[in-house]
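Next come the chains, spelled out residue by residue.
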Amino acid sequence: MNTYQKRTAVLLLSFFVYLSLPARIFPAPLKGRGVWANPRDAGQTEASVAAFAEQLAAAHINTVIMEFKSSGGLSWPSRKFPEAVLPAYRNFDLPAILIRECHKRSIAVHAWFFDFAEGADSFVAKTHPEWRALSPAGKPTSDEILRGSPYRMSWMCPARRPGYTDQWLIPVIAEFVEMYEVDAIHHDYVRYPGDLAPDTYCFCDYCLQHLPEYAYYLSPTFPEKPLLPAAFDRPHLEAHWEKSSRILPSNWDQYSREMKSRFLLTGSSFPGGNHDLDYFFYEYRIHYVLEFVRQVYETVKKIRPNIEVSAAVFKNPLQSGRFIGQDWRRFAPWVHYAMPMDYRSHFSGDHETYLALLAETVRLQKAWAQDFAHLWIGVATIGIYDEERQPLQRLMRLMRDESSPPAALSADFGLVANKIRPVNPELHAALAKFLENGQDRAAVRQKLEEFLANLPASYVPPEKFVRTLQAVRDQQAEGIVIFSAGGLRSAGLWEAVGKFFSSSQ
Ligand SMILES: [Zn+2]
């Protein structure tokens with residue numbers, strides 16, 4: 001071998017060594033570096049919006065998902081729906097300024113819509129109560145109690161036509177896209193309610209009437225005829241399904257709402273057969289969520305052909321299909337970016353367990369999202385510091401309750417004592433002393449309050465959140481979206497995230 005050949009061989013060899021290095025050492029660049037944000041994060045002056053965009057740019061964020069329709073109302077000066085605009089945005093054009101400032105810095109803006117979640121007192125829920133989703137008792141979700149408190153949200157029925165979907169939500173989204181050069185629209189709450197009983201909605205008048213039509217539970221041509229097979233000539237009851245089109249009981253019209261709801265959810269295709277009608281109930285819900293996603297895509301593409309669509313979805317589409325009508329695998333033709341919310345609060349176990357489950361989940365999501373152009377993984381600051389925060393919050397509650405004895409604090413103090421001591425020895429000593437003698441409650445409480453209000457980085461280390469981002473990156477994810485801008489601020493994580501994104505490009 002001459003020198004030239006030797007050099008070529010060495011070069012080739014290094015190239016193959018480089019190729020065979022684990023992806024961990026040379027991962028692909030992180031194309032998506034996003035954050036979900038609330039209008040409050042951007043403030044209400046041109047200068048504050050520009051400063052917000054500058055902060056995003058400094059943290060190497062290239063996509064901001066800004067909430068423009070919450071459960072309370074709209075955050076832009078809507079011309080067609082002025083009654084639904086939140087007061088602060090009647091005269092302040094946040095989308096126009098945000099889009100301008102972000103585009104100057106090459107940051108894409110996705111407009112985030114709360115789809116089917118409306119506040120109990122929102123303009124549309126009050127003006128059109130008949131569009132709300134109803135339980136078998138005929139009650140809206142706002143009548144539910146969740147963890148001891150009123151639920152406050154009025155979920156709207158996704159299926160009803162004419163109704164909330166075609167008369168309100170799609171026109172609202174269309175107006176936004178007509179008014180603003182936004183890069184994408186973003187679906188959230190694109191589902192049925194799941195934190196309440198997942199089988200309770202929707203049994204509104206429309207769904208009671210329409211679900212049996214959708215699932216073809218009787219022939220509209222022969223509504224009185226049972227239309228059963230001539231002979232039940234097979235050993236298995238359900239084997240006669242194909243010729244059996246009448247599923248509703250003959251006295252269906254006399255059934256109450258509760259009886260109809262129960263039949264549609266727990267009834268059988270054949271009297272005495274399997275309780276299989278829930279299949280059609282879940283399929284009906286999935287169908288109408290998909291129908292909405294399709295109609296939105298077609299509507300916005302007509303207005304702005306280059307526009308894209310993204311969606312915040314639950315982590316497992318098989319389960320969310322069953323429980324909340326959100327089988328997001330089937331969104332792919334009408335949604336470009338799947339953004340599963342893989343938040344720690346959606347998993348069980350400690351942080352280490354979460355990191356392992358997160359890695360496993362991302363691997364599964366790559367298969368579930370195979371038909372999407374993009375899969376960007378959603379992670380949240382919420383829950384990351386539960387171990388550090390929750391014992392302090394419980395201590396605070398006990399300190400506020402004058403009747404609780406000092407000894408009641410010992411378990412929670414035990415959980416955090418070793419973490420507090422090096423960071424704030426004075427607070428550690430004060431708490432330890434209070435546990436001993438029960439004196440100076442007010443002074444100790446104030447020290448604790450001050451500590452909680454501004455937790456130092458040495459107590460809530462940014463590395464813990466960065467490890468979460470790294471766990472996603474190790475799975476070669478195309479993008480990461482962080483919930484949320486406000487969460488990053490309150491946990492003091494902007495700088496750490498900026499560093500991580502900077503090294504991930
Ligand atoms: Zn309904």
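Fair warning: this is a prediction, and the values are worked out from it, not measured in the lab.

What counts, and at which threshold
- Every chain begins its residue count from 1, and numbering advances along the sequence as written.
- Two thresholds apply to this predicted model, a pLDDT of at least 70 for residue-level local features and 80 or more for giving and counting side-chain atom pairs, whereas whole-chain, interface and lining totals are computed over all residues.
- Each side-chain value is derived from all of the structure's non-hydrogen atoms; neither hydrogens nor water enter the calculation.
- As annotated, the domain borders come from an automatic or database domain assignment.
- Only heavy atoms enter the contact rule, under which two residues are in contact if any of them lie within 4.5 Å.
- Here the buried area means the combined drop in accessible surface, using a 1.4 Å probe, for two parts upon being joined, counting both sides.
- By salt bridge we mean one thing: a side-chain nitrogen of Lys or Arg within 4 Å of a carboxyl oxygen of Asp or Glu.
- Polar contacts here mean pairs of N or O atoms no more than 3.5 Å apart (in protein, one a potential hydrogen donor and the other a potential acceptor; neighbouring residues in sequence count only if both atoms are side-chain atoms).
- Every helix listed is a DSSP run of H or I at least four residues long, and every strand listed is a run of E at least two residues long, numbered separately from the N terminus.
- Polar here means any residue outside two lists: the nonpolar Ala, Val, Leu, Ile, Met, Phe, Trp, Tyr, Cys and Pro, and the charged Asp, Glu, Lys and Arg; Gly therefore counts as polar.
- Confidence scores here are pLDDT values: one per residue, from the predictor, ranging 0 to 100.
- Whether two strands pair comes down to DSSP finding at least two bridges between them.
- Axis angles are defined between N-to-C directions and span 0 to 180 degrees, where every axis is a line fitted to C-alpha atoms and, for a helix, only to the segment in contact.
- Metal-coordinating donors are taken as N, O and S atoms lying within 2.8 Å of the metal, or within 3.2 Å when the metal is Na, K or Ca; because water is left out, some sites can appear incomplete.
- Site shape is set this way: if four donors have all angles between 85 and 135 degrees, tetrahedral; if opposite donors are over 155 degrees apart and all others between 65 and 115, square planar for four donors and octahedral for six; otherwise irregular.
- Each residue gets one of three labels from its accessible area relative to the maximum for its type: buried under 20%, exposed over 50%, partly exposed in between, using a 1.4 Å probe on protein chains only.

Quick look at the domain arrangement of the chain now. Domain parsing of the chain yields domain 1 (32-198 + 284-385 + 462-502), domain 2 (205-282) and domain 3 (386-453). Across the boundary between the two partners, domain 1 contributes 15 residues, which contact eleven residues of domain 2. The largest share of the area that domain 1 buries against domain 2 comes from Pro136, Tyr284 and Arg322, three residues that together contribute 49% of it. Across the domain 1-domain 2 interface, the total number found is zero salt bridges. Linking domain 1 with domain 2 are eight residue pairs in polar contact (both at pLDDT 80 or more), by the criterion used here. In terms of residue count, the dominant contributor to the side of domain 1 that touches domain 2 is helix α9 (residues 278-303) (five residues). By residue class, the composition of the side of domain 1 that touches domain 2 is eight nonpolar, three polar and four charged.

As a further point, take the confidence of the model for the chain. Chain-level statistics for the chain give a pLDDT mean of 94 and a share of 95% at 70 or above. Taken element by element, the chain is modelled with least confidence in helix α1 (residues 3-20), mean pLDDT 57, and with most confidence in strand β3 (residues 108-114), mean pLDDT 99.

The next thing to look at is the sheet that holds strand β11 (residues 374-380). Spatially, β1-β2-β3-β8-β9-β10-β11-β12 is the arrangement adopted by the eight strands of the closed barrel, whose pairing is parallel. Taking each pair of neighbouring strands and ignoring which way they run, the sheet shows an average axis angle of 25°. With four bridges joining them, strand β8 (residues 184-188) and strand β9 (residues 308-313) adopt parallel strand pairing. Looking at β9, one finds that His186 is bridged to Ser310. Seen against the sheet, helix α11 (residues 351-368) touches β10 (337-340) and β11 and runs at an angle of roughly 160° to β11.

With that settled, consider the coordination of the zinc ion. Within the protein, the atoms that donate to the zinc ion are Cys157 (SG), Cys202 (SG), Cys204 (SG) and Cys207 (SG), at distances of 2.2 to 2.4 Å. Metal-centred angles of 102 to 118° between the four donor atoms at the zinc ion mark the site as tetrahedral. When the donor residues of the zinc ion are listed from N- to C-terminus, their spacing reads C-x44-C-x1-C-x2-C. Linking Cys157 in the loop between β7 (153-155) and α6 (164-179) with Cys204 in the loop between β8 and α7 (205-214), this pair joins segments that are 47 residues apart in sequence. Cys204 matches Cys157 in its accessibility class, with the two residues each being buried.

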